[in-house]
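Descriptive analysis of the structure
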Amino acid sequence: MRRNILAVTLTVCAALLLTGCERAVNMTGKPVEFSAGISDGRSESGTRVVYGEITGTGTKSQSLDWEIGDELTISCAQCESKKISDYKVTGVTGPDEDLKSYASIVNAETDGIGLRWGENVDHIFYAVYPSPAAGSVTASLTGGVATGTIPASQPQTPDLVKTMMMTATKTWKEDSFKNDENKVLLEFKPITTAVEFTIKNGFEGSQSAMNISSVALISDGHALNGGFKVDMTKSGRSGRPLTTLSNATVSDADRKVTIDFGSTPASVAYGETLTFTFFLNPGNESEINDLTLEIRGKDANDANLMVVRRAKLADNSTGITFPTHQKTIVNGIVVPESIIISIDNEVVVSPWIDGGTTDINPR
């Protein structure tokens, strides 16, 4: 009888010891440590900010890589005292053979502390890149909702890539603190829609340079620039959070984005190409199928003569669409002499659009 009591006592003690080992570590008041990754809904974790290498055949993938100094904002209602704070990238690893790069993140504010753990409860972290203090997008973050603005005028400078917006949501369970697992990996998802064009000078007759002062994309009914909202608490298209337009009504000004090459036109020699990228309002949750490309330039023989030409890229009859929240590459556009030296504001369907499109999944 005494042996049985002893056995029960030992069993109870062993159970208590096991329970103690699994008890959550108390992190209350300690700074939260972060690292940065990405998930496009299909791939594993990695991080993407600047457009990098393109790989693959058929459906292609393109790396998006962090840069040192990139800034992001993180919020968490369950954290102690401060609920939102800015962070910056101090170290980057990669990209590796899987088109992944990884970022080390530290607090970017004066106190250098940032978010601190609250009581031992589930923590939900929301993050947005770029932070309100950096980048071409005017971004802000309140709780799990980020807002941003795509500019109507988009000069082609290296900083423009910062127009790409990414968001991340991470739920850190209380039991994650078992075994001191206290570093939070934020898995960012690209939000912005992008269209990259490559056009070629096909002036076969005169073999003159093509002097382009600006290019623009125009939509029949979609807002290409302006404000949008990203609700990370709700699910939207392609595994991204729900993204909507800020305004219910789309104005004429909202339907156009322009790349202006300034007082000195972009000179493209005969047979050479020009590549440029438009960033579009990601609040269009449906695919865009009503775009027109506009080229404005200077006549090769008369510098005072402005020439304009437009070509319909997509409409309901052709079935060509531009997916949202990812990048589409448009190539094979050859601009013949008969177009750039004639003044014509009419919309023209082909035949000078002689190429195709490639949809890129940022990874």
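Provided above is the structure to which this section pertains.
Residues numbered from 1 in each chain as written. Predicted model: local features only at pLDDT ≥ 70, side-chain atom pairs only at ≥ 80, totals over all residues. Heavy atoms only, no water.

In space, the four strands of this open sheet follow the order β8-β9-β14-β15, with antiparallel pairing throughout. A single partner strand is all that each edge strand has here, and the edge strands are β8 (140-142) and β15 (241-245). Pairs of neighbouring strands in the sheet enclose a mean axial angle of 25 degrees, with direction left out of account. As judged from the six bridges shared by strand β9 (residues 145-150) and strand β14 (residues 226-235), these two strands associate in the antiparallel manner. Residue pairing in the sheet places I150 in a bridge with G226 of β14. (Pairing = 2+ DSSP bridges. Helix = DSSP H or I, 4+ residues; strand = E, 2+ residues; numbered from the N terminus. Axes fitted to C-alpha atoms, helices over the stretch in contact; angles between N-to-C directions.)

Right, let's talk about the environment of V334 for a bit. Position of V334 among the secondary structure elements: in strand β21 (residues 327-336). Take V334: its relative accessible area is 35%, and that puts it in the partly exposed class. In this structure the C-alpha to C-alpha distance between V334 and T273, which are 61 residues apart in sequence, comes to 8.8 Å. (Buried < 20%, exposed > 50% of the residue type's maximum accessible area, 1.4 Å probe, protein only.)

Tallied over the full model, the rule gives eight aromatic pairs. Ring centres of W66 and F188 lie 5.7 Å apart, and the angle between their planes is 80 degrees; on these two criteria the pair is classed as edge-to-face. Of this pair, W66 sits in the loop between β3 (60-65) and β4 (71-75) while F188 sits in strand β11 (residues 183-190), and the two are 122 residues apart along the sequence. By relative accessible area, which is 4% here, W66 ends up buried. (Phe/Tyr/Trp six-rings, centres within 6.5 Å; stacked < 30°, edge-to-face > 60°.)

What follows concerns the nonpolar core. Counting residues in each nonpolar core, the largest one holds 26 residues, and the members touching the most others are F197, I199, L217, F276, F278 and L280. Those elements that place two or more of their residues in this core are β12 (193-202), β13 (210-219), β16 (256-260), β17 (266-268), β18 (273-280), β19 (291-298) and β21. Beyond its immediate sequence surroundings of up to four residues, L280 is in contact with I150, T192, T193, V195, L217, L224, V257 and I288. With 24 residues, the next largest nonpolar core counts W66, I105, L186 and F188 among its residues. (Core = buried A, V, L, I, M, F, W, Y, C linked by side-chain atoms within 4.5 Å. Contact = heavy atoms within 4.5 Å.)

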